[in-house]
Amino acid sequence: CGGNTYGSGCSQHCSPNCGGADKACDHINGTCLSGCAPGFQGAHCVDACQLGTYGAACSETCNANCGGIDKACNHISGHCQNGCVDGYQGHFC
């Protein structure tokens, strides 16, 4: 298969969330060859980071000063989604 395709008849496309400059995946099963782009996880890089994490390999933790009950942040950038707790400001609080 070529052109970032895989599977039977090369009819399926690699996930756009595959890591690396070429976003390549295995030509048989579609597993991303260079890991995932920041904010995504799993063999096919289709799952967003779990709540409370973000970035490359979902290894970063949302800032504790993010607002809201769940202190959520964007799974890619880490920007706080619900503003900040009192006394803090900015994208990362």
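If you're wondering where the values come from, they're calculated on a predicted model, not measured in any experiment. (Residues numbered from 1 in each chain as written. Predicted model: local features only at pLDDT ≥ 70, side-chain atom pairs only at ≥ 80, totals over all residues. Heavy atoms only, no water.)

Trainee: I'm lost on the overall build of the chain in this one. Help?
Mentor: The helix and strand tally for the chain stands at 0 helices and 6 strands. On C-alpha atoms alone, the chain measures out to a radius of gyration of 17 Å, which is more than a quarter above the 12 Å that the 2.2 N^0.38 rule sets for 93 residues. Each of the three principal axes of the chain carries a C-alpha extent, and together these read 55 × 20 × 15 Å. For the chain, the proportion of its 93 residues judged to be buried stands at 31%. Counting only carbon and sulfur atoms, one obtains 52% of the accessible surface of the chain, whose full area is about 5500 Å². (Helix = DSSP H or I, 4+ residues; strand = E, 2+ residues; numbered from the N terminus. Rg over C-alpha atoms; globule rule 2.2 N^0.38 Å. Buried < 20%, exposed > 50% of the residue type's maximum accessible area, 1.4 Å probe, protein only. Areas by Shrake-Rupley, 256 points an atom, 1.4 Å probe, with all protein chains shown as cover.)

Trainee: I tried to follow the domain arrangement of the chain on my own but got confused; where do I start?
Mentor: A common measure of how large an interface is: the accessible area buried when the components associate. Per the domain assignment, the segments making up the chain are domain 1 (1-47) and domain 2 (49-92). On the domain 2 side, the residues contacting the 5 residues of domain 1 number 7 residues. A combined buried area of about 480 Å² lies between domain 1 and domain 2, and 59% of that area is made up of carbon and sulfur atoms. When the buried surface of domain 1 facing domain 2 is broken down by residue, P38, G39 and Q41 rank first, second and third, together holding 76% of it. At the junction of domain 1 with domain 2, the criterion picks out 0 salt bridges. Where domain 1 meets domain 2, there are 3 residue pairs in polar contact (both at pLDDT 80 or more). In the side of domain 1 that touches domain 2, the residues fall into 2 nonpolar, 2 polar and 1 charged. (Domains from an automatic or database assignment. Contact = heavy atoms within 4.5 Å. Buried area = accessible area lost by both parts, 1.4 Å probe. Salt bridge = Lys/Arg side-chain N within 4 Å of Asp/Glu carboxyl O. Polar contact = N/O pair within 3.5 Å; in protein donor to acceptor, adjacent residues only side chain to side chain. Nonpolar A, V, L, I, M, F, W, Y, C, P; charged D, E, K, R; others polar.)

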